Amino acid sequence: MQAATAAARVAAVTQLDAVRRSAPKRRAELDAARDAALADARARWEREGAKLTAALSGLAEAAAPGTAGSPWAQWRPGMKPDQQAGLAPGLLRIGTLSHAAERTVPALVPLLDTAHLAVSGDATGTADGLIGAVLLRALASVPPGAVRISVYDPGQLGGALAGLAPLSPAGLISFLGPGGLAPLLDDLAEQIRRINENVLGGVYLSVAELAAETGRRPEPWRVAVLLADPNGAELTRAERAQLDRVARTGVAAGVHLISRGIELTGDGVETITVRSDGTARTSLTGELPVRLDPAPAQPLLTGVCRALAEQATAGPPPVPFAALLPDEIWQQSSADALRAPIGEGTDGRLVELVLGDDPPHALIGGPSGSGKTNLLYCWLAALATRYSPGELSLYLLDFKEGVSFARFAPGTRDPSWLPHVRLVGVNVNSDREFGLALLRHLAEELKRRAAAAKQHEAAKLAELRAEDPAGNWPRIVAVIDEFQVLLGARDAVTTEAVDLLEDLARRGRSQGIHLVLASQDVSGIEALWGRSGLVAQFTLRIALPKARRILSDVNLAAELIPRCHAVVNADSGVPAANTIVRLPDAGDRATWVGLQEQLWSARPEGGEPPRLFDGDARPLFPLLPPPPAPELPASVGAVALLGETIDVTGRPATLRLNRAPGRNLAVLGTRADEACAVLLAAGHALGSQHAPGTARFSVLCLDSDAATAAKSLHAALSARHRCDWHTAETVTALLADLAAECAEPGSPAGAAAPQGSPATAGGSVPHSGAGAQGDGRVQGAGGRDQVHYVFGFAMDAVAGRLAAKPGPGLPSGHEHLRTVLARGPERRTHLLCWWRTVARLRDDLGGPGARFDAIGAWVALDVHGPELAALYPQPGGPAWHPRTGRALHFDRAVQHKAQIIIPYEVAP
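This is a predicted model, so every value here is computed, not measured.

**What about the overall build of the protein?**
Point 1. Tallying secondary structure elements over the protein gives 19 helices and 31 strands in all.
Point 2. The buried share among the 908 residues of the protein stands at 52%.

The following block contains the structure:
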């Protein structure tokens, strides 16, 4: 027994020794296993933590994109806002969440469209810096002007958030001191009531829902910052009740509160408790500590606020010009009306202008530089792309010195034109008659349409088009820019223009004729504003910044809008009908060229380019048709072209030269180049109407001022006809021969020219036509009945020669001239001559008592109206004041009053 015990003891000791010997190794193994397990757990924690951090960071970036969640180091002064769709960022950054020293994620709080913020804690300066940072992020995360801030600061009178003061000039922030809390809360409550009633209207639960549904935000966010009174003053019962109402109902209306030291109650309040060590706890993050971001540097804060204020003052960027254009051109019908957008309204939608039965006509006003031309470009582009040339015809007239509409007609740089345009008038400031001609043309078109409507028993254009679908009945829009020039004088032009305007404005609406009158300032146009019935027809009013008297007298909206904006009012300017429109930039020529080429390429086959009238350009002599095969009948006579009339069609001023008495022409005035241009045009036209050898011409060059023109006419006529050249030395003999042919038998003027006269002395220059006589006499081929045209350049230059008598009892050159003028047309001899003054013409015709019956037509240049009294059927002469590049034409056989013409530019 004792031995067994001893053996057991020895075995136990041996086992103990073995355990003691293996204990360190085992301990090491266990320690290694423990360390490996801990390392694996730590690695798993790191991996999961990294995944969680990445996920949280991604969520934070999505919830607070761009400026809402980026650190201050990534900000810069002058930066543009991130959002443009009127939607708020979900959350705003205030700092970072620290769950380990080396891993952080942004700490975010809600505000716009989500919650109110209640900031508390003993670190007042840190709390105010936090509030300023939250406001700055909110401001920079939405379009400029979309957040309006009110700061109630009874302690520092706004100094707590003074860094936001640069927002004040743009009206984005206001500061209130003691006594300002109650009015502020009352105003917020009123805004909430108005938004619920007028904006949401029971259709939407919140402004945020409306913005998400429509893509626009009709109301700004309103943020009221309430800082506690440092003296510990409590809110009154009324203030507390109003504050609770705003806190309870404000978020849905976009009204938010940020308080420091003032308790906010309700479910939509997020709390932030600030600590003195720069950390905070929020109701959103729970027990996780938040390391607050430092307040933004003062230069950054003021710089961003200043930039935001400037952008808010300038307004949002305009809708691009392309937004006015449809996806496909020419898809709309103008049967009922013309509808086209010109820009973007305050709600983000395009604003259309309508011309139809109501409103029928438009009045546009704006001082120089206000964007009137740009507005017209926008309107014309939108119209021309929606309506085909068969649906819309445009007449464009610009009275100011410029070429705003010239791009719509073919030019040297661009041969294309806007296919809808029928007429373009530019630089018309001195040609009021052209504006009158346009109104006359529209009046004739109105008469034509009214007759067709009566025939088809149609009361308006839509009915006429339905009854006569094969007819050509587009709507007509006539744009007259600076129309006040047309009505600027108290004369016959103004009187007739106002009468035509009134008739077109009153009756044009039913026949699809619409007037658009534009002006820099209409305050002094008595002729227009004296006709209340006329002005009342222009119910569509468009006022650009600082426009006067376009809207009603009590409507001052045009005084308040900035550049690139317009007030559109379709109710004669009453304030309640105002719509503010921001206009895109439509003036870029490259953009217009591309658009016009697209429309031009799609034009209907056979489309004619528009008539271009440029008041600063001389019209070119027209291309004439080939002459008829037989000679013109004497009873009909050829037609001389004298210049271009000032009318819509640009027809030539004509003079028919037949056997009727007085078929001669006198050109009167001292402007040699224009006088020569009239004679050149007449000569070229007459020469082209006769077959070779069927007419005779004589060119009298009597003054060096006319030598170039006379020689060019002689050369052109000599190529096809007999054309004699005469100078001062041979003119008397020529007139004597002409008088001999024209005079009745037995009269003194019919006597033969005496021997030794210039006509028989070989003093003339031989002509180059067929059948020429060496002495230049006129009785050559063709016989007595051959028509003979005599062009006298500066007839008054040889007055002395013509006054002299060649011998006792013989007629003078003046007497021969009178005989030819009086008797020549019936013998088929016509004089077309230039005298520098009416007095010299009178002298050549017999002196003070001379009759002008032999001058059946005349063209006056720099001759005043009263000087033409003897040549005019109305007492006192025509109402004519000379203008450079213009002439007055009168033909008593076909006209009852004189007309203004423009001498042609005739190529030599």
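**A word on the sheet that holds strand S17 (residues 513–519)**
Point 1. Sheet architecture is open: eleven strands sit in the order S12-S11-S20-S19-S18-S13-S17-S16-S14-S15-S21, paired in mixed fashion. The open sheet terminates on both sides in strands that have one partner only, identified here as strand S12 (350–356) and strand S21 (611–614). Across the sheet, the mean angle from the axis of one strand to that of its neighbour is 20°, orientation sign disregarded.

**Looking at the side chain of Asn569**
Point 1. Summarising the element assignment, Asn569 is placed in strand S19 (residues 565–569).
Point 2. By relative accessible area, which is 0% here, Asn569 ends up buried.
Point 3. The contacts of Asn569, once residues within four sequence positions are left out, are Thr539, Leu540, Arg541, Leu551, Asn555, Val574, Ala577 and Asn578.

**Quick notes on the sheet that holds strand S27 (residues 787–793)**
In a beta sheet, neighbouring strands pair by backbone hydrogen bonds and run either parallel or antiparallel.
Point 1. What the ten strands build is an open sheet, ordered S23-S22-S31-S30-S29-S24-S28-S27-S25-S26; its pairing is mixed. For this open sheet the edge positions go to strand S23 (652–657) and strand S26 (722–726), each flanked by a neighbour on one side alone. Neighbour-to-neighbour, the strand axes of this sheet turn through a mean angle of 25°, independent of strand direction.
Point 2. Pairing between strand S29 (residues 857–860) and strand S30 (residues 887–891): four bridges, direction antiparallel. Its bridge partner lying in S30, Ala860 is registered against Leu888.
Point 3. Contacts from helix H16 (residues 731–742) reach strand S25 (695–701), S26, S27 and strand S28 (829–835), with the element oriented near 145° to S25.

**Quick word on the packing of helix H8 (residues 432–455) against helix H10 (residues 492–507)**
Point 1. One can describe the packing of H8 onto H10 by two numbers: an axis separation of 10 Å at closest approach and a directional angle of 35°. Seen from above, H8 lies across H10 with left-handed handedness. Across the interface between the two elements, Arg432, Glu433, Leu436, Leu439, Arg440, Leu442, Ala443, Leu446 and Ala450 from H8 touch Val493, Thr494, Glu496, Ala497, Leu500, Leu501, Asp503, Leu504 and Arg507 from H10.
Point 2. Of the residues contributing to the contact of H8 with H10, the split by class is eleven nonpolar, one polar and six charged.

**A word on the pattern of salt bridges**
Point 1. This model, assessed by the stated rule, comprises 40 salt bridges.
Point 2. Residue Asp647 is joined to Arg651 by a salt bridge in which the shortest nitrogen-to-oxygen separation is 2.8 Å.
Point 3. Measuring nitrogen to oxygen at the nearest pair gives 4.0 Å for the salt bridge that ties Glu741 to Arg696. Of this pair, Glu741 sits in helix H16 while Arg696 sits in strand S25, and the two are 45 residues apart along the sequence.
Point 4. Using a relative accessible area of 17% as the deciding quantity, one classes Glu741 as buried.
Point 5. Members of the salt-bridge network, linked through shared partners, are Lys372, Asp398, Lys400, Asp481 and Glu482.

**Some points on the confidence of the model for the protein**
Point 1. Summing up the model confidence of the protein, the mean pLDDT is 87 and the portion of residues at 70 or higher is 89%.
Point 2. For residues 746–783, every residue scores under 50 in pLDDT, and the model assigns this stretch 68 contacts once sequence neighbours within four places are set aside.

**A closer look at H16**
Point 1. Across its twelve residues, H16 extends 16 Å between first and last C-alpha, which sits within 8% of the 16 Å expected from 1.5 Å per residue.
Point 2. Of all twelve residues making up H16, ten are buried, and the element is well covered by its neighbours.
Point 3. Along H16, the residues classified as buried are Val731, Ala733, Leu734, Leu735, Ala736, Asp737, Leu738, Ala739, Glu741 and Cys742.
Point 4. Where H16 is buried, its residues meet S25, S26, S27, helix H17 (799–803), helix H18 (813–823) and S28.

**Considerations on the side chain of Thr285**
Point 1. Relative to the elements of secondary structure, Thr285 occurs in the loop between strand S9 (279–282) and strand S10 (290–292).
Point 2. Within the structure, the side chain of Thr285 is placed 2.6 Å from the side chain of Thr282, a separation counted as a polar contact.
Point 3. Setting aside its immediate chain neighbours within four residues, Thr285 contacts Leu97 and Val290.

**Digging into the packing of helix H7 (residues 372–386) against helix H13 (residues 589–601)**
Point 1. Two numbers describe how H7 lies on H13: the axes approach to 11 Å, and their chain directions differ by 25°. Accordingly, the angle class assigned to the pair H7 and H13 is roughly parallel. When the axes of H7 and H13 are compared, the crossing they make is left-handed. Seen from H7, the contacting residues are Tyr377, Ala381, Ala384 and Thr385; seen from H13, they are Trp592, Leu595 and Leu599.
Point 2. Here the residues of the contact of H7 with H13 sort into six nonpolar, one polar and no charged.

**Looking at the packing of aromatic side chains**
Point 1. A complete count under the given rule lists 14 aromatic pairs for this structure.
Point 2. Among the aromatic residues, ring-to-ring pairing joins Phe321, Tyr377, Phe405, Phe408 and Trp592 into one connected group.
Point 3. Against the face of Trp72 rests Arg137, its NZ or CZ located 4.0 Å from the ring centre.
Point 4. Against the face of Trp834 rests Arg836, its NZ or CZ located 5.3 Å from the ring centre.

**Focus: the pairing of strand S3 (residues 116–121)**
Point 1. Note that S3 and strand S8 (residues 269–274) share six bridges and pair parallel. The residue of S8 that forms the bridge with Ser120 is Thr273.
Point 2. One ladder, built from three bridges, connects S3 with strand S7 (residues 255–260); its direction is parallel. Counterpart to Val119 in the pairing with S7 is Arg260.

Here is what the cut-offs are and how they apply
- Residues numbered from 1 in each chain as written.
- Predicted model: local features only at pLDDT ≥ 70, side-chain atom pairs only at ≥ 80, totals over all residues.
- Heavy atoms only, no water.
- Helix = DSSP H or I, 4+ residues; strand = E, 2+ residues; numbered from the N terminus.
- Buried < 20%, exposed > 50% of the residue type's maximum accessible area, 1.4 Å probe, protein only.
- Pairing = 2+ DSSP bridges.
- Axes fitted to C-alpha atoms, helices over the stretch in contact; angles between N-to-C directions.
- Contact = heavy atoms within 4.5 Å.
- Left-handed = near helix turned anticlockwise from the far one by under 90°.
- Nonpolar A, V, L, I, M, F, W, Y, C, P; charged D, E, K, R; others polar.
- Salt bridge = Lys/Arg side-chain N within 4 Å of Asp/Glu carboxyl O.
- pLDDT = per-residue confidence, 0-100.
- Expected span 1.5 Å × (residues − 1).
- Polar contact = N/O pair within 3.5 Å; in protein donor to acceptor, adjacent residues only side chain to side chain.
- Parallel < 35°, antiparallel > 145°, perpendicular 65-115°, else oblique.
- Phe/Tyr/Trp six-rings, centres within 6.5 Å; stacked < 30°, edge-to-face > 60°.
- Lys NZ or Arg CZ within 6 Å of the ring centre and 35° of its normal.

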